[in-house]
Amino acid sequence: MASPTADLHRLLGDRVVTDPDVATGFASDAYPQAQPLSGTEFTVVRARSREDVVTTLRYAAEHRVPVVPQGGRTATTGAAGALPGGIVLSTAAMTTVEILSQERIAVVGPGVINADLRAAAAERGLAYPPDPASSAMCSIGGNVATNAGGLCCVKYGVTADYVRGLEVVLPGGAVVRTGRRTAKGVAGYDLTGLFVGSEGTLGVVTEAVLRLLPLGDPALTVLAVFPTLAATLAGVDALRGARHTPSLLELLDGPSVDAVQAYGDYGFPLGSGGVLLVQSDRAGHTLEDVEEYAVAMRAAGASEVAVAEDRAEADLLLAGRRALNPALHAKGHRFIEDVCVPVTRLGELVRRVHVIADARGLDATCGGHAGDGNLHPCFFYDPDDPASRAAAEAAFDDVVRAAWELGGTLTGEHGVGVQKRPWLAEELGVAEVARQRAVKTLFDPLGIMNPGRGIA
Ligand SMILES: Cc1cc2nc3c(=O)[nH]c(=O)nc-3n(C[C@H](O)[C@H](O)[C@H](O)COP(=O)(O)OP(=O)(O)OC[C@H]3O[C@@H](n4cnc5c(N)ncnc54)[C@H](O)[C@@H]3O)c2cc1C
């Protein structure tokens, strides 16, 4: 059989990458892989239109070639990595944005970068709230396919809460439209909800209709430093009683704070029990709210509380949180968890992460979206020491089981990808996996859409 690259080049011309070195750049996402594929082992199509996607998926079905949809390649789970002999179908160049201010919707191509959409909406006095920490790099197609969350979910929810409708190309090339543009509508099953979070296993999103909100006020921030982990968690509990939900509530435990401060001077004291960052964007009331949050933090036992009085100060206070991911990257090789537990069990989860790390002899950090019960514990290992890597893998398993015991799930927002497949059937149960695979087969009877990822 001729290689997909030569065939697809005849069909799609310069949409197909013919330089293997360039193709290698599309081999993997942010999931650490021992040996990413070389660009000679798969084909890259850089679609610019729906028609390019249709042509590619028609070819893929005729020749039974697996297809990996790809956006910004920021998935932490291996969901967007190339497959040997397969096609990587990048929608990163499909970047149209239309904002219908009166309707409060945006109609966008899948390649639009999250931060660019947020900026375009803000220019019109509107907000697209979902804001993953990877906002400057990840695409709307990827956000839809992972049902991405982010920092503001505590008040505004996740991507699914903003997707009204989708255009999706199915394997074989059929184009389907799901959902609607209108504010309401209940005709038929909610297929939009099915595609959101499906990790590229059902089809390729070529357009999304997204709900927008009126823009809040620029957020103000409180940063509270606590002497102990227990006091940090008491701070989270105190905020649950707040009458006005913060627009952001992020937790860094002591080791996370130390990692950030080792990465750059963000003004954090070393050896603290933890830090909470809390924001309000409530129109006309931001200062009033953050002052109220500051009182609650002090009452919970904070040793230092800083309140931003303007946007610039708020950004400075948040800078340390934004530095968390690069700081953890600089600290060393790690497995990143994404467990989510009922918000009232958050404290137990954090404590158990550290008990597990101690028992396995590992360094660990635990931080994330405290307001949602969704944390990203990290276990650090020495890549040259198989015993250390095995201990980190065992700790990862321990934390998933701890989350289940606490009534939670193995993934709050990053998805399953390759990384969490070993646990998926245990979480869902055999009968549910069978039902979900039957749904998958309805859309992808040949099993060529992102096989080996998520439920696929
Ligand atoms: C530093 C960092 C911080 C992060 N912070 C957060 C966070 O706060 N919250 C959060 O939720 N996630 C976070 N993530 C994870 C990641 O950014 C999200 O999962 C994001 O939604 C992926 O978008 P992407 O465009 O990079 O997609 P990719 O990584 O390219 O792909 C992700 C998935 O989407 C599928 N896909 C991509 N485009 C399409 C399409 N057009 N049609 C169908 N399927 C498609 C892929 O096949 C794959 O399954 C973070 C990642 C990093 C590296």
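Residues numbered from 1 in each chain as written. Predicted model: local features only at pLDDT ≥ 70, side-chain atom pairs only at ≥ 80, totals over all residues. Heavy atoms only, no water.

Take the layout of surface pockets next. Of the voids in this model, the second largest pocket is the one considered here, and its volume is about 660 Å³. In terms of lining residues, the second largest pocket is bounded by 33 residues, among which Gly-197, Ser-198, Glu-199, Val-416 and Gln-436 are the most central. Considering every element that reaches the lining of the second largest pocket, the biggest residue donor is helix H16 (residues 430-443), with five residues. Here the residues of the lining of the second largest pocket are counted per class, giving 12 nonpolar, 13 polar and eight charged. A domain-level breakdown of the lining of the second largest pocket finds at least three residues from each of domain 2 (97-214) and domain 4 (332-405). (1 Å grid on protein atoms, 1.4 Å probe; cavity = no way out; pocket = protein on both sides within 12 Å on 5 of 7 lines; lining within 4 Å. Points joined across faces, edges and corners; volume = space filled by probe spheres on them. Helix = DSSP H or I, 4+ residues; strand = E, 2+ residues; numbered from the N terminus. Nonpolar A, V, L, I, M, F, W, Y, C, P; charged D, E, K, R; others polar. Domains from an automatic or database assignment.)

Let us look at the site of the ligand. Around the ligand, 36 residues are found, and the nearest of them are Pro-69, Gly-71, Thr-74, Ser-134 and Ser-139. Contacts to the ligand include Thr-74, whose side-chain N or O atom sits 2.6 Å from an oxygen atom. A distance of 2.9 Å is found between a nitrogen atom of the ligand and a backbone nitrogen or oxygen belonging to Val-205. Burial of the ligand by the protein chains amounts to 95% of its free accessible area of 980 Å². Listed by contribution, the elements that provide at least two residues to the shell around the ligand are strand S2 (67-70), helix H5 (140-146) and strand S9 (204-211). Broken down by class, the residue content of the shell around the ligand amounts to 13 nonpolar, 20 polar and three charged. Both domain 1 (4-90) and domain 2 (97-214) contribute no fewer than three residues apiece to the shell around the ligand. (Near = heavy atom within 4 Å. Polar contact = N/O pair within 3.5 Å; in protein donor to acceptor, adjacent residues only side chain to side chain. Areas by Shrake-Rupley, 256 points an atom, 1.4 Å probe, with all protein chains shown as cover.)

Take the pairing of S2 next. Residues Val-67 and Pro-69 line one face of S2 and the alternating positions Val-68 and Gln-70 line the opposite face, and both faces are buried. Note: S2 against strand S3 (residues 87-90), four bridges, orientation parallel. The partner of Pro-69 across the bridge, within S3, is Leu-89. (Buried < 20%, exposed > 50% of the residue type's maximum accessible area, 1.4 Å probe, protein only. Pairing = 2+ DSSP bridges.)

The accessible area lost on association of the parts is a frequent measure of interface size. When its domains are assigned, the protein resolves into domain 1 (4-90), domain 2 (97-214), domain 3 (220-326) and domain 4 (332-405). Between the C-alpha centres of domain 1 and domain 4 the distance comes to 33 Å.

Let us now look at the packing of helix H11 (residues 311-322) against helix H12 (residues 324-331). Interaxial distance between H11 and H12 falls to 5 Å at its minimum, and their mutual angle equals 35°. Here Gly-320, Arg-321 and Arg-322 of H11 lie close against H12, whose contacting residues are Leu-324, Asn-325 and Pro-326. (Axes fitted to C-alpha atoms, helices over the stretch in contact; angles between N-to-C directions. Contact = heavy atoms within 4.5 Å.)

This part takes up helix H10 (residues 286-300). Along its 15 residues, H10 runs 21 Å from first to last C-alpha, staying within 8% of the 21 Å computed at 1.5 Å per residue. Restricting attention to buried positions, one finds in H10 the residues Thr-286, Asp-289, Val-290, Tyr-293, Ala-294, Met-297 and Ala-300. In a view along the axis of H10, the buried residues occupy a sector of 140°, so they form one face of it. Structural note: H10 exposes Val-295 and Ala-299 on the side pointing more than 90 degrees away from its buried face. Directly beyond the C-terminal end of H10, a positive phi value near 115° is found at Gly-301. (Expected span 1.5 Å × (residues − 1). Arc of directions from axis to C-beta.)

Relative to strand S5 (residues 105-108), strand S4 (residues 97-100) runs antiparallel, the two being bridged by four bridges. When the bridges of S5 are listed, Ile-99 appears paired with Ala-106. What sits between the antiparallel neighbours S4 and S5 is a turn of four residues, in which Arg-104 has the positive phi angle 55°.

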